[in-house]
Amino acid sequence: MGRSVLVVGGGGREHALCLALSISESIDTIHATPGNAGTHHFGTNHNVSASDIDGLVDLAKRLAVDYVVVGPEAPLCDGLADQLLLSNIPCFGPQQVHAELEGSKLFAKKAMDAAGVPTAEYDVLNASSNINAYLDARSEDPWVIKRDVLAGGKGVVVTSDRSEAIEFIEQSIETDGHVLLERFLPGEEASMLVVMDKSGYVCLPPSQDHKRAYDGDEGPNTGGMGAYCPAPVVTQAIHQKTVERIVEPMHSHLSAMDIPYRGVLYVGLMIDENGDPYVVEFNVRFGDPECQVTLPLIDGDVGELLYGAATDQLSKAVVSFKSQHALTVVLASEGYPKSAVKGRKILGVERSLDTSSTWVSHAGTASDEQGNIVSSGGRVLSVTSVSDSLQNARDLSYARIQQIQLEGSHHRTDIGHRAL
Ligand code: AMP
Ligand code: GLY
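Notes on the overall build of the chain
Reasoning step 1: Along the chain, the regular secondary structure elements total 12 helices and 24 strands.
Reasoning step 2: For 420 residues, the compact-globule estimate of 2.2 N^0.38 gives 22 Å, and the C-alpha radius of gyration of the chain, at 21 Å, lies within 12% of that figure.
Reasoning step 3: For the chain, the spread of C-alpha atoms along the three principal axes comes to 60 × 50 × 40 Å.
Reasoning step 4: Here the analysis covers contacts within the chain between residues at least 6 apart in sequence; of these, 68% occur between residues at least 24 apart.
Reasoning step 5: Within the structure as shown, the chain displays about 17,200 Å² of accessible surface, and the carbon and sulfur contribution to it stands at 47%.
Reasoning step 6: Counting 32 positive and 55 negative side-chain charges, the chain places the averaged centre of each group 2 Å from the other.

Written as structure tokens, this is what we have:
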């Protein structure tokens, strides 16, 4: 008999997780909470919020699931994995001590220093610091300023404008007590998702996100407007350096601790002109939309892989990857990312749910009283395709997104441009 699983979260990433679990032979039953109009096709949605830790633990107990897969970072930072383990429920997603790798930039820097992992040099500024002197010392490039809290993607400012830099530094010190000023790293970004537990790790194929709202990487930062996988900027040689200099030392560092890391470590990379990788950030979860393009390239049982990591059995996992390409395009609501118009009817979504090469991942969607699918968030959905070439995957996704109607919505038309 297969396992039952509870997926926590309700975005495009969680839809992609449910889809991958639904085609895993090890999985019988899927629950999602709160889920969305897409996850509902693979199992049962529940109405416990991803921020209600006690409610989530109660739900997992009541459903008697074999394990829990946590999509977003906030419940992990709030100790969801710790609480589940107290009830003997395995959790894919690290415990609170490790979730700090995403929750605190300073914690992540100290972990990288301890593990000897390459990242940008940094200063910690507080109320008694001479801000102008620190800015002078790093004035040859744009200044990179990072708040030391979970800020939902709004905690980093990269700017050459001194007054903007000072304002952000002063505000951050006022609210948080201190702030990080980092050396600017030039280069190209990529994401490497590494599934890990105490016994081992599995590097998933590297991907590339598109964080700016508009074509040509212009406009405001977003949660991610599209992604593709694999990302050719991570050549074989760079992949090897990333494993040797970053993944291996982080895995050794984390698995030497009393509490092992069980889940996925998202390594945000900057690759410089010499092909040397540096860590820009760690996240303690799958990226969204990187998840949508990475999971479909796993050739095998994703449910078994995630359960293995939740139970320290990863060293036994044999994982191979399809030699295909995946690309996803995000459709966003009018006004996103500044403010998003919600509650509008979406047409043209349903019919491709189960095709094997192109599908729609729901993110900010809900069903209204008449059963219509309506928008309920900034990033509404994404269209993912898998094909033998990146160009084909892109053509398929763009052809499919044309069939979807949502008044005022926007999407980028150049996803994959760096690779094509
Ligand atoms: P983070 O939340 O740390 O990933 O930062 C958000 C974005 O800011 C990254 O995706 C990069 O585009 C940019 N960024 C962060 N740190 C640096 C850095 N040291 N040098 C250049 N760009 C950076
Ligand atoms: N797409 C970037 C992230 O999930 O943080």
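Section: unusual backbone geometry
Reasoning step 1: A cis amide bond links threonine 33 with the next residue in sequence, proline 34, at an omega value of -5°.
Reasoning step 2: Here cysteine 229 and proline 230 are connected by a cis peptide whose omega angle stands at -5°.
Reasoning step 3: Relative to the elements of secondary structure, proline 230 occurs in the loop between β15 (226-229) and α9 (236-255).
Reasoning step 4: Phi is positive for asparagine 88, close to 60°, though the residue is something other than glycine.
Reasoning step 5: Following the sequence through the fold, asparagine 88 ends up in the loop between α4 (80-86) and β5 (91-92).
Reasoning step 6: With a relative accessible area of 69%, asparagine 88 lands in the exposed category.

Some details on the sheet that holds strand β24 (residues 379-387)
Reasoning step 1: Across the sheet, which stays open at both edges, the five strands sit in the order β12-β15-β20-β24-β21 with antiparallel pairing between neighbours. Looking along the sheet, the strands with just one partner apiece sit at the ends: β12 (208-209) and β21 (358-362).
Reasoning step 2: Pairing geometry for strand β20 (residues 325-332) and β24, over eight bridges, is antiparallel. Note on β24: the bridge partner recorded for alanine 326 is valine 386.

A short note on the nonpolar core
Reasoning step 1: Formed by 42 residues in total, the largest nonpolar core has its most connected members in Val68, Leu101, Met250, Val267 and Phe282.
Reasoning step 2: Among all residues touching valine 68, those that are not within four sequence positions of it are Leu6, Val8, Ala60, Leu84, Ile89, Pro90, Cys91 and Phe92.
Reasoning step 3: Grouped together as the second largest cluster of nonpolar side chains are 30 residues, Ala20, Ile30, Cys291 and Ile298 included.

A few points about the site of ligand 1
Reasoning step 1: As a structural note, the neighbourhood of ligand 1 is formed by 15 residues, with Lys146, Glu182, Leu185, Glu189 and Glu281 the closest of them.
Reasoning step 2: Glutamate 189 is positioned with one of its side-chain polar atoms (N or O) 2.5 Å from an oxygen atom of ligand 1.
Reasoning step 3: When ligand 1 is considered free in solution it has 470 Å² of accessible area, and contact with the protein chains removes 86% of it.

As for the environment of proline 337
Reasoning step 1: By the secondary structure assignment, proline 337 is in the loop between β20 and β21.
Reasoning step 2: On the basis of relative accessible area, proline 337 is assigned to the partly exposed category, the value being 22%.
Reasoning step 3: Through-space distance from the C-alpha of proline 337 to that of leucine 86 is 38 Å; in sequence the pair is 251 residues apart.

Section: helix α12 (residues 390-401)
Reasoning step 1: For α12, built from 12 residues, the straight-helix expectation of 16 Å at 1.5 Å per residue is met to within 8% by its first-to-last C-alpha distance of 16 Å.
Reasoning step 2: Along α12, the positions that sit buried rather than exposed are Leu390, Ala393, Arg394, Ser397, Tyr398, Arg400 and Ile401. Buried residues of α12 fall within an arc of 160° about the axis and therefore sit on the same side.
Reasoning step 3: Residues of α12 that are buried sit in contact with β15, β20, β21 and β24.

Section: a negative patch on the surface
Reasoning step 1: A surface patch of negative charge is lined by Asp161, Glu164, Glu167, Glu170 and Glu174.
Reasoning step 2: Mapped onto the elements of the fold, glutamate 164 is located in helix α8 (residues 162-176).

Quick look at the sheet that holds strand β6 (residues 122-126)
Reasoning step 1: Strand order in the open sheet formed by four strands is β6-β9-β7-β8, and the pairing between neighbours is antiparallel. Edge strands, defined here as strands with exactly one partner in the open sheet, are β6 and β8 (156-159). The sheet shows a mean angle of 25° between the axes of neighbouring strands, taken without regard to direction.
Reasoning step 2: The sheet contact formed by β6 and strand β9 (residues 178-182) spans five bridges and is antiparallel.

Observations regarding the pairing of β24
Reasoning step 1: Counting buried positions along β24 gives eight out of nine residues, so the element sits mostly inside the fold.
Reasoning step 2: Looking at chain direction, β21 and β24 are connected through five bridges and run antiparallel. Bridge assignment links serine 361 to a residue of β24, and that residue is serine 382.

Focus: the side chain of arginine 285
Reasoning step 1: If you trace the backbone, arginine 285 turns up in the loop between β17 (277-283) and α10 (290-294).
Reasoning step 2: Side chain to side chain, arginine 285 and glutamate 102 meet in a polar contact 3.1 Å long.
Reasoning step 3: In contact with arginine 285, other than residues within four places in its own chain, are Arg13, Gly71, Pro72, Glu73, Glu102, Leu193, Val264 and Tyr266.

Some details on the site of ligand 2
Reasoning step 1: Around ligand 2, the neighbouring residues are Asp209, Gly223, Tyr266, Asn283, Arg285, Gly287, Asp288, Pro289 and Glu290.
Reasoning step 2: In the model, a nitrogen atom of ligand 2 is placed 2.8 Å from a nitrogen or oxygen of the glutamate 290 side chain.
Reasoning step 3: The protein chains hide 89% of the 200 Å² of surface that ligand 2 would expose on its own.
Reasoning step 4: In terms of residue class, the shell around ligand 2 is built from two nonpolar, three polar and four charged.

Some details on the side chain of glutamate 290
Reasoning step 1: Tracing the backbone through its elements, the reader meets glutamate 290 in helix α10.
Reasoning step 2: Within the buried core, glutamate 290 has no salt-bridge partner, and the shortest N-O distance to an opposite charge, that of lysine 211, equals 5.7 Å.
Reasoning step 3: In contact with glutamate 290, not counting residues within four places along its chain, are Ser191, Leu193, Ser207, Asp209, Ala227 and Tyr266.

Section: the pairing of β9
Reasoning step 1: Burial analysis of β9 places four of its five residues in the buried class, the great majority of the element.
Reasoning step 2: For strand β7 (residues 143-146) and β9, the ladder comprises three bridges, and the chain directions are antiparallel. Pairing of valine 144 across the sheet is with glutamate 182, part of β9.

Calculation criteria
Residues numbered from 1 in each chain as written. Chains lettered and ligands numbered in written order. Predicted model: local features only at pLDDT ≥ 70, side-chain atom pairs only at ≥ 80, totals over all residues. Heavy atoms only, no water. Helix = DSSP H or I, 4+ residues; strand = E, 2+ residues; numbered from the N terminus. Rg over C-alpha atoms; globule rule 2.2 N^0.38 Å. Contact = heavy atoms within 4.5 Å. Areas by Shrake-Rupley, 256 points an atom, 1.4 Å probe, with all protein chains shown as cover. Lys, Arg positive; Asp, Glu negative; His and termini not counted. Charge placed at Lys NZ, Arg CZ, Asp CG, Glu CD. Buried < 20%, exposed > 50% of the residue type's maximum accessible area, 1.4 Å probe, protein only. Pairing = 2+ DSSP bridges. Core = buried A, V, L, I, M, F, W, Y, C linked by side-chain atoms within 4.5 Å. Near = heavy atom within 4 Å. Polar contact = N/O pair within 3.5 Å; in protein donor to acceptor, adjacent residues only side chain to side chain. Expected span 1.5 Å × (residues − 1). Arc of directions from axis to C-beta. Patch = residues over 30% accessible without salt bridge, like charges linked within 9 Å, V, L, I, M, F, W, Y side chains within 5 Å. Salt bridge = Lys/Arg side-chain N within 4 Å of Asp/Glu carboxyl O. Axes fitted to C-alpha atoms, helices over the stretch in contact; angles between N-to-C directions. Nonpolar A, V, L, I, M, F, W, Y, C, P; charged D, E, K, R; others polar.

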